[in-house]
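# Fold and geometry: a report
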Amino acid sequence: MRKDKRWKGVYSFEDSPFLMEVLTELRDKNTDSIAFRKGLVKLGRYMGYELTKTMEFEKIKVETPLEETEGVIAKDRKNVVIITVLRAAIPLMEGLIKVLEHARVGIISASRGKPPKFEIEMKYVKIPHIRPEDTVIVADPMIATGSTLIKVIQEVKKYGTPKRIIVLGVLAAPEGIERIKKEFPEVEVFVTKIDRELNAKGYILPGLGDAGDRAFGEPIKVSTLPQLHTIE
Ligand code: URA
């Protein structure tokens, strides 16, 4: 885990050859959706494991069959809420929950509008009560403009005041991190890598493309007009 010098509380995993190998597979345009989803699960699992190194554990005594010794018991790891930002965070959450198995899970749908405004629409919000001892992990693979995450964090804060709010993603653009830190200086950011920049369409460069489409396939547009049924 590497602390980024540009912001307080921003970490990447560029020093982990294993995570860089998984990221390389995700970036590759020839990686199919099965391997892409598996890669996101893998990243969620290992980033979750790395996160536990920043959490508090309590010292306890434990009796082995032979004698008493010192041990530890989870404290923060038991008090986690994972906020899954649909769609692309689903496999990331699946990986995180393997390490953070006590986690309660919130789901938010947030879709980004067209440039230049990129307005965010949240149609589905289900978040559990957030307690003062909780660590909230907002999972969103791509921290691009930061607009989605700012809306999501504003929403999450309505459900309680947690001990920590962490944004966990695969890739971030410096512009997105800058906006999040300006709005919420206390929010921590953990990403596999911080990429170079955003393009005019709001995609991260070099990036990995549209994470949702690559994991689940490109959605098609169909008419939403009600179908008329005639009864003979
Ligand atoms: N969302 C994505 O899926 N990819 C990007 O590059 C930016 C936002």
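Structure: see above.
These remarks concern the structure in this document.

Criteria and thresholds
- Residues numbered from 1 in each chain as written.
- Predicted model: local features only at pLDDT ≥ 70, side-chain atom pairs only at ≥ 80, totals over all residues.
- Heavy atoms only, no water.
- Helix = DSSP H or I, 4+ residues; strand = E, 2+ residues; numbered from the N terminus.
- Rg over C-alpha atoms; globule rule 2.2 N^0.38 Å.
- Contact = heavy atoms within 4.5 Å.
- Areas by Shrake-Rupley, 256 points an atom, 1.4 Å probe, with all protein chains shown as cover.
- Lys, Arg positive; Asp, Glu negative; His and termini not counted.
- Charge placed at Lys NZ, Arg CZ, Asp CG, Glu CD.
- Near = heavy atom within 4 Å.
- Polar contact = N/O pair within 3.5 Å; in protein donor to acceptor, adjacent residues only side chain to side chain.
- 1 Å grid on protein atoms, 1.4 Å probe; cavity = no way out; pocket = protein on both sides within 12 Å on 5 of 7 lines; lining within 4 Å.
- Sits in = over half its atoms within 2 Å of the grid points.
- Nonpolar A, V, L, I, M, F, W, Y, C, P; charged D, E, K, R; others polar.
- Core = buried A, V, L, I, M, F, W, Y, C linked by side-chain atoms within 4.5 Å.
- Buried < 20%, exposed > 50% of the residue type's maximum accessible area, 1.4 Å probe, protein only.
- Salt bridge = Lys/Arg side-chain N within 4 Å of Asp/Glu carboxyl O.
- Phe/Tyr/Trp six-rings, centres within 6.5 Å; stacked < 30°, edge-to-face > 60°.
- Axes fitted to C-alpha atoms, helices over the stretch in contact; angles between N-to-C directions.
- Parallel < 35°, antiparallel > 145°, perpendicular 65-115°, else oblique.
- Left-handed = near helix turned anticlockwise from the far one by under 90°.

## Focus on the overall build of the protein chain
Within the protein chain, the secondary structure is distributed over 6 helices and 13 strands. For the protein chain, the C-alpha radius of gyration of 19 Å lies close to 17 Å, the compact-globule estimate for 232 residues. Counting only C-alpha atoms and orienting by the principal axes, one finds that the protein chain spans roughly 80 × 50 × 35 Å. Considering only intrachain contacts with a sequence separation of at least 6, the fraction spanning at least 24 residues in the protein chain is 65%. Surface exposure of the protein chain reaches about 13,100 Å², of which carbon and sulfur atoms provide 54%. Counting 39 positive and 34 negative side-chain charges, the protein chain places the averaged centre of each group 4 Å from the other.

## Focus: the site of the ligand
Around the ligand, the structure places R112, M142, A144, G202, Y203, I204, G209, D210 and A211. Contact between the ligand and G209: a nitrogen atom at 2.8 Å from a main-chain N or O atom of the residue. At 2.8 Å, a backbone N or O of A211 approaches an oxygen atom of the ligand. Among the cavities detected, the one that contains the ligand is the largest pocket. Residues belonging to the shell around the ligand are distributed by class as follows: 5 nonpolar, 2 polar and 2 charged.

## Side note on the nonpolar core
Membership of the largest hydrophobic core comes to 37 residues, with the highest contact counts inside it found for L43, L100, I137, L168, V170 and L208. Where this core is concerned, the elements lending two or more residues are α1 (17–27), α2 (33–52), β5 (80–86), α3 (89–99), β8 (135–139), β10 (164–172) and α6 (211–216). Sequence-distant contacts of L100, defined by excluding residues within four places in its chain, comprise T52, M55, R77, V80 and I137. With 28 residues, the next largest nonpolar core counts W7, I83, V138 and A172 among its residues.

## Remarks on the pattern of salt bridges
All told, the structure shown has 19 salt bridges when counted by the stated rule. For R77, the salt bridge is made with E101, and the minimal N-O distance between the two is 2.7 Å. Highlighted residues: R77 in the loop between β4 (68–74) and β5 and E101 in the loop between α3 and β6 (104–112), separated in sequence by 24 residues. E101 gets classed as partly exposed once you look at its relative accessible area, which sits at 45%.

## A few points about unusual backbone geometry
With omega at -5 degrees, the peptide bond leading from L86 into R87 counts as cis. Structurally, R87 is set in the loop between β5 and α3. Of note, the amide linkage connecting L205 to P206 takes the cis form, showing an omega dihedral of 0 degrees.

## Notes on the packing of aromatic side chains
Aromatic ring pairs are reported here in terms of the distance separating the ring centres and the angle at which the planes meet. Considering all chains together, one arrives at 3 aromatic pairs under this definition. The interplanar angle of 20 degrees and the centroid separation of 4.8 Å between the aromatic rings of Y11 and F190 together place this pair among those described as stacked. In this pair, Y11 sits in strand β2 (residues 10–12) while F190 sits in strand β11 (residues 188–194), placing the two residues 179 residues apart along the sequence. Overall, the relative accessible area of 21% leaves Y11 in the partly exposed class. These aromatic residues form a ring-pair network of at least three members: Y11, F13 and F190.

## Concerning the side chain of S147
The topology assignment puts S147 in helix α4 (residues 147–156). A distance of 2.9 Å separates the side chain of S147 from the side chain of R179, its partner in a polar contact. Apart from residues no more than four positions distant in its own chain, S147 is found in contact with F118, I120 and R179.

## Points about the packing of α2 against α3
Here α2 crosses α3 at 40 degrees, and the two axes come no closer than 7 Å. Here α2 is positioned oblique relative to α3, judged by the angle of their axes. Once α2 is placed against α3, the crossing between them reads as right-handed. Residue-level contacts link R37, L40, V41, L43, G44, R45, G48, Y49 and T52 of α2 to P91, L92, E94, G95, L96, K98 and V99 of α3.

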